[in-house]
Structure formats: C-alpha cells, structure tokens
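Summary of the model geometry
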Amino acid sequence: TGITGRQTIKYLQNHPDRDTFTFSIAGRSEEKLKALVSELSLPDDVNVLIVDVKNDEQIEAAVKTAKVVLNTVGPFWLYGSPVVAACVRNGVHHVDVDGETHWIKWIITAFDHAATNTGAIIVPSCGLESLPSDIVAFLGHKTVNAPISKSTTAYDWMLAGFTGGSMATMLAEHQVVPPAFLKLSKDSYSLSPMVGVPPDPPKSLYTLQVPHTKEVIVGGRNLFAAIDTSLVHRSWGLLEYDSVHRDTDAARNARYGPQFQYEEFQPASSRAKALMLSLSHALNGAILPTVINSPLVHLLKALLPKPGDGPKDEDMHKGHIDLVNVTSSADGTIHAKTTFKAKGDGYFLSSVMLSECALALLHPETLPEMALRGGVLTPATACGEAIVKRLKLRGYSRWRVGY
C-alpha cells in the first residue's frame, strides 16, 4: 500500500496484456487493502491477501499462490528476507525494488545455492536502482561484442520527491545493520562471486568522451553509484564465473572479460556544478551517519516523510532518467554508446521496470540460459534482452545503441 506498491498495482491493472495474467495484492492492513481496491476500482479477480512479513505461515500461504512475487516493502533488511526464503523454498520467482547492497549480500549468502536447487529466480534491484545501469552495461558489451576494459555511465535523474519508505531505508542502514557487515558490503565486488580489476577511487570531477563526437559529458558523484556499481559487478562476476566453470561458447561470448571496470557519475551543466555536486555528496556521506546516530535523529525523523508518504499520483509524470553509457573494448579499438531515456518520477518508473521484469519471468523461453538455473541473479543475467524489448514495447523508455 506504499507509493511504489500502489503504482505497481495500477500499472499491472492497466497493462495491455492484462488478460494473459492474474495477480493478487498483499499487505498487513486489511483496511488499507480494501481502501486500495475501492480507490483503484480493482476487479473481483484480484485477490486480496492479508500478509504480515513477521508471520511465516501467512507468507508461505501467499507465496504458494504465485509464480512471481513482486516485493516493494522496505527496508528490505528488516522485511525482505522471510519473503525471499519462502520463494526459494517453493521455487517461486521474486523481484524487488531494493537499493540495499548489504541486504543483497545477505540473501546471496543465505539463499543463492538453495535457489539453484529449487529453480527460483531471485532478482533484486529491478527499479531505478539498479536496472538501468545494469542493462546499459549489458547492451554496451553486446554491441562491442568483445572483451571490455571500461564501461562508464553518466546517469542523470530527477525525482518528484522522496518517499517515507526510502527515508526509512536510509535510517535502517545506519541504525540496524551491523557496522562490520555494512562496511564489508561497501566493497564494489561484495556481491560478485569473483573479484575483478580494482575500481578507481571516487572522483570530484568526472569526464566522459562520447565516441566519434566532440561531446564531453562532465559530472560529479552520483547518489546511486555505489549500489549500481555493485550490481553491475555482480552481473560481470556471474558471467565470468560461468565462463570459467561451464566453458561453453555461449558462456564465453556472454562474459564481459577480466579487465572489465564499471564507473558511474551524475552529469552537470558545468565543471563548477559538478564539483559542487561531489562536495554535497561527500558532506552528506560524512554528516548523515553522525546525525542518525545522535539525538538529532528525532528531529530528522520529524522532518522526513513518513512511510506511505511521498509524491502524489498527479506528480508521477514529473521527473526523468537519462543515461549515456560508453563501453570500450579491451584493445581500445571499439567504443559503443548506449542511451536509456524515460520520463516520469523514479518511483513510477521503478514500478514499470519491476512489473516488466516479473512478467518477463513468466516467459522462460525469452530468458537467458543462466536464469533457467535459478539463483540470486541481476536484471541483466535474469532477463537480458527480454526486459529491453518489453520496456521498448510499452513505450516507457527509449534505448539506443551504436558505435
């Protein structure tokens, strides 16, 4: 019944392929669910399930009715693991909109092997974090069609506002997650089964030369860069590991190569603004943990949106995401530019991406071979070209690739 959950329900209900699938809605509050059914005029074939994520029996019963679970209830560190566990036990697929590297690391450790035994496809970060980044790197490699040295994304974004759920996740990261585990998850290869080339340290000023043009994109540090980089590195690691241990032509062709590096920044209109962006990011990173772990946190909580609060429905058309990725071959002879543009608030776009990932999993014949083996995967390794085609078809994004 939160912001992203509501947008996901609306999107599924009005989907052009609505007659090809059924769905249920689940939540803890029966009153809120009934209000949502009434507000959105949901038909009788949409089942309403009362599920408290602290009640294992309710979770188990709900999961057994589904082929894919779409999870929008965060913080995932607090509420996500029991749902994933039930999905893995029952061979049910799971997609979510988390942006919590520490939680993804935990579910990889706890559930990845078991998921390969039951065939459950678990795909974290199918929203604004980190599907766009994962897919532009995937497409960049596909276009180059050779081992990669560097894949860099200029990720421009604008939201209509932040939700209470996002703010609760931020607080939980610093108040609940064990500090040692949080520190461990900050490594950019913490989600990968293999360790690659050490990433460059964060910069104050980034530049990206667009191939075969005079255009140079400048920018500063991006709020999403850490989680996005970790997810892209997991895609790299899964494909690299697969090529080593399966040694097939398909696995060798899919790998990005041992020299692969991913980098991401937020574009700015000038070098001065890029430096200010990086300074702001650095100050927030230094000050926020101190505030959260001090008595000032009570004032902060009073000022932040509450869970369930956030951008209004009428604001969902506001905002955008605009990615430009340049991926270069290891020998430096091929450079591919990939763009991904979409209009709308990030929470709305996350609901679109989440829904299309879920629907893609209902069609295993369109998925990469790796997905069919199950496990804790990524948007690129679980859905691959299928998600690109689905988003293009629905008209919610524009993709363009080329040399």
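Now for a look at the structure at hand. (Residues numbered from 1 in each chain as written. Predicted model: local features only at pLDDT ≥ 70, side-chain atom pairs only at ≥ 80, totals over all residues. Heavy atoms only, no water.)

The next point concerns the side chain of E240. Topologically, E240 is positioned in helix α10 (residues 225-246). A polar side-chain atom of E240 sits 3.5 Å from the main-chain amide nitrogen of G257. Excluding residues within four positions of it along the chain, E240 makes contact with M194, R255, Y256, G257 and P258. (Helix = DSSP H or I, 4+ residues; strand = E, 2+ residues; numbered from the N terminus. Polar contact = N/O pair within 3.5 Å; in protein donor to acceptor, adjacent residues only side chain to side chain. Contact = heavy atoms within 4.5 Å.)

Let us now look at helix α8 (residues 164-175). With 12 residues, α8 should reach 16 Å at 1.5 Å per residue; the first-to-last C-alpha distance of 16 Å fits that figure. The set of residues buried in α8 consists of G164, M167, T169, M170, L171, A172 and E173. Each element contacted by the buried residues of α8 is listed here: α4 (76-79), α6 (101-118), α9 (179-185), α12 (271-292) and α13 (297-303). (Expected span 1.5 Å × (residues − 1). Buried < 20%, exposed > 50% of the residue type's maximum accessible area, 1.4 Å probe, protein only.)

Taking every second residue as pointing to the same face, the buried face of strand β1 (residues 24-27) carries I25 and G27, while none of S24 and A26 on the other face is buried. Pairing of β1 with strand β2 (residues 47-50), which is carried by four bridges, proceeds in the parallel orientation. Each residue of the ladder has a partner; that of S24, found in β2, is N47. Once the chain exits β1 it traverses helix α2 (residues 30-40) before rejoining the sheet at β2, and the crossover so formed is right-handed. (Pairing = 2+ DSSP bridges. Right-handed = clockwise from strand over helix to strand, strands pointing away.)

A cluster of nonpolar side chains, contributed by M276, L279, L283 and I287, occupies part of the molecular surface with about 400 Å² of accessible area. A relative accessible area of 44% means that L279 is categorised as partly exposed. (Patch = residues over 30% accessible without salt bridge, like charges linked within 9 Å, V, L, I, M, F, W, Y side chains within 5 Å. Areas by Shrake-Rupley, 256 points an atom, 1.4 Å probe, with all protein chains shown as cover. Salt bridge = Lys/Arg side-chain N within 4 Å of Asp/Glu carboxyl O.)

With that settled, consider α2. For α2, the complete set of buried residues consists of L33, L36 and L40. All buried residues of α2 fall inside an arc of 60° around its axis, so they share one side. Facing away from the buried surface of α2 by more than 90 degrees, the exposed residues are E31, K34 and S38. At its buried positions, α2 is contacted by α1 (3-13), β1 and β2. Two residues or fewer past α2, S41 is found with a positive phi of approximately 55°. (Arc of directions from axis to C-beta.)

This brings us to the nonpolar core. Ranked by size, the top nonpolar core spans 86 residues in total, and within it V95, I121, I122, I321, L361 and I387 carry the most contacts. Counting residues per element, this core draws most heavily on helix α14 (residues 346-361), at 10 residues. What V95 contacts, discounting residues up to four positions off in sequence, is V68, V69, L70, N71, V123, C126, L354, C357, A358 and L361. (Core = buried A, V, L, I, M, F, W, Y, C linked by side-chain atoms within 4.5 Å.)

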